[in-house]
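# Fold and geometry: a report
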Amino acid sequence: MAAPIAALSVAVVGLAILALPVAGAWWGGVEPPGPWQDAVAVTGSVWVMAYGVPVRLLGVDYSLLPWGLVLIPALLGHQAGRWLVRVIRPRRMVTVLAAWVITVGLGTFLVAVVSVMADIPAVQTSARRAVIAATLVGAIAVGSGLWRSSDVMRSNFARIPHMLMVSIRASSIAVAALLGFASLLLLAAVASSFGDIANLFASLSPTFSDAVVLTVLSVAFVPTMVIWSMSYLLGSGIAFGPDVLFSPFVPAVAPTLMPAFPPLAALPETSAPFVWVFPVLTVLAGGLAGLSVSRFAAREGPLVRLCIGLLAAMLAAGLVFLLLLAGSGSLGDGRLVEVGPDPALGALLAGVALAVGALPTSVLRAQRRPRRLQPVKVETESAHVDE
């Protein structure tokens, strides 16, 4: 019973969170509100979109999603997984797997049902894509919560080969460093163009409810903008159709009419002043991954650590490809059908630069600091002899 309750709680709380801004925009916007049935259908479609499902508005596909909305079902699923462990207290791996499968399966079923029932001519989502996306998001979110709180599940992860874990850890460090550098670059771009963002926001003349919805949507697009910033940092740039490319190695962008969306005002129209720093930062991220290999595989020989560093760079390039793929899609029709970075080019540039940084530092000899052993006190009970 605990697994169905967890799945229902994730669905109900997620729908309630997204219903608030939708209701504000529906009844407090400039346009006259429509029937409440349409508002319920739009709320359901937005909830399905929060799982990473593309949406069709008035016959136009929008596949470039605000990935910040995915944090809602992801965090709820993570907390549901932790709650499951506290309730069922599993002692066997079979119990954990059963709770995981039931929770994810029921959650996916609810998302598919809402996708079908919320299908109206104005807003549509694909039930097939909803099943795939909800399964992936639910499996990762609930599984992370189970792994975080279950000793049984963590003990099984300990059986993974040490060299593979070192490679995964190093690749995660490289990607985390790239995302950190990209976040700083995005912050600098927003700070330098804050006036343009504010003027564009004011030119829309939104009501209070529309301003709240526009702010929520802008914040939800922050993870997508971080992905764009990482693509800009790698040198692959951000494309708006076949003719417009925002890249640090392009001197100036051709004048083009952009959608009236405030975050897009942060895109640079000219080349960055210190473009030579960007490849250095990518190599530095690879160097951090190599240092991780040299530390956690210190007992291995230089050739083995070199292979681990190369494997970590390849895994990081694969993660970069998936992130750039998630940051590309459609923002409308015409030239906005293809918007975002080139995943293949960005992954290739990332793999080469990360390997250049990881290979030299992975062969460095690092001594892990030994842990101090604490004395163990053993208490012995005196034997009582009956006289």
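Our subject in this report is the structure included herewith.

Rules used in this analysis
Residues numbered from 1 in each chain as written. Predicted model: local features only at pLDDT ≥ 70, side-chain atom pairs only at ≥ 80, totals over all residues. Heavy atoms only, no water. Helix = DSSP H or I, 4+ residues; strand = E, 2+ residues; numbered from the N terminus. Buried < 20%, exposed > 50% of the residue type's maximum accessible area, 1.4 Å probe, protein only. Contact = heavy atoms within 4.5 Å. Areas by Shrake-Rupley, 256 points an atom, 1.4 Å probe, with all protein chains shown as cover. Patch = residues over 30% accessible without salt bridge, like charges linked within 9 Å, V, L, I, M, F, W, Y side chains within 5 Å. Salt bridge = Lys/Arg side-chain N within 4 Å of Asp/Glu carboxyl O. Pairing = 2+ DSSP bridges. Axes fitted to C-alpha atoms, helices over the stretch in contact; angles between N-to-C directions. Core = buried A, V, L, I, M, F, W, Y, C linked by side-chain atoms within 4.5 Å. Expected span 1.5 Å × (residues − 1). Parallel < 35°, antiparallel > 145°, perpendicular 65-115°, else oblique. Nonpolar A, V, L, I, M, F, W, Y, C, P; charged D, E, K, R; others polar.

On a plain count of helices and strands, the chain comes out with 13 helices and 6 strands. In the chain, buried positions account for 41% of the 387 residues. When contacts within the chain are restricted to residue pairs at least 6 apart in sequence, those whose partners lie at least 24 apart make up 75%. For the chain, the exposed surface amounts to about 21,500 Å²; the carbon and sulfur share of it is 69%.

The grouping of Met1, Ile5, Trp83, Val87 and Ile88 at the surface amounts to a nonpolar patch, some 490 Å² of accessible area in total. Considering each element in turn, the nonpolar patch owes the most residues, 3 residues, to helix α3 (residues 71-88).

Now for the sheet that holds strand β2 (residues 60-62). Pairing in this open sheet of 3 strands is antiparallel, and the strands run β2-β1-β3 from one edge to the other. The sheet terminates laterally at β2 and β3 (123-125), the two strands that pair on one side only. Here the strands of the sheet are splayed against their neighbours by 30° on average, with no regard to which way each runs. As judged from the 3 bridges shared by strand β1 (residues 55-57) and β2, these two strands associate in the antiparallel manner. For arginine 56, the partnering residue across the bridge sits in β2 and is aspartate 61.

To continue, consider the side chain of serine 167. Mapped onto the elements, serine 167 comes out in helix α7 (residues 162-192). Since its relative accessible area comes to 1%, serine 167 is described here as buried. Residues in contact with serine 167, not counting those within four places in the same chain, are Ile308, Leu311, Ala312 and Leu315.

So, on to the nonpolar core. Judged by nonpolar contacts, the single largest core of 45 residues is most densely connected at Leu178, Trp228, Phe240 and Leu354. Elements supplying a minimum of two residues to this core: α7, α10 (222-234), β4 (238-240), β5 (244-246), α11 (277-296), α12 (302-326) and α13 (343-362). Filtering out sequence-adjacent residues up to four positions away, leucine 178 remains in contact with Met230, Leu233, Leu234, Thr282, Ala285, Val320 and Leu354. Ranked by size, the runner-up nonpolar core spans 37 residues in total, among them Val22, Leu69, Val70 and Val85.

If you walk through the whole model with that rule in mind, you get 1 salt bridge. Two residues, arginine 56 and aspartate 61, come together in a salt bridge whose shortest N-O distance is 2.7 Å. A residue is classified by how much of its surface remains accessible, and arginine 56, at 36% relative accessible area, is partly exposed.

This part is about the sheet that holds β5. The strand order β5-β4-β6 describes an open sheet built from 3 strands, whose pairing is antiparallel. The open sheet is flanked by β5 and β6 (339-340), the only strands paired with a single partner. In terms of strand pairing, β4 meets β6 through 2 bridges, oriented antiparallel. Pairing of phenylalanine 240 across the sheet is with valine 339, part of β6. Those strands touched by α10 are β4, β5 and β6, and its axis lies near 110° from that of β4.

What follows is about the environment of isoleucine 88. Turning to its location among the elements, isoleucine 88 is positioned in helix α3. Given a relative accessible area of 31%, isoleucine 88 falls into the partly exposed group. Between the C-alpha atom of isoleucine 88 and that of alanine 2, which follows or precedes it by 86 residues, the distance is 7.4 Å. In this structure, isoleucine 88 is in contact with Ala2, Thr95 and Ala99, ignoring residues within four places of it in sequence.

The first and last C-alpha atoms of α10 sit 18 Å apart over 13 residues, in line with the 18 Å expected at 1.5 Å per residue. With 11 of 13 residues buried, α10 lies mostly within the body of the structure. Taken residue by residue, α10 has Thr224, Met225, Val226, Ile227, Trp228, Ser229, Met230, Ser231, Tyr232, Leu233 and Leu234 as its buried positions. Once α10 finishes, glycine 235 follows within two positions and takes phi at roughly 105°, a positive value.

Their axes nearest at 8 Å, the elements α10 and α11 cross at an angle of 105°. One way to sum up the angle between α10 and α11 is to call them roughly perpendicular. Each of Tyr232, Leu233 and Leu234 in α10 lies in contact with α11, whose residues at this interface are Phe278, Leu281 and Thr282. Residue composition of the contact of α10 with α11, by class: 5 nonpolar, 1 polar and no charged.

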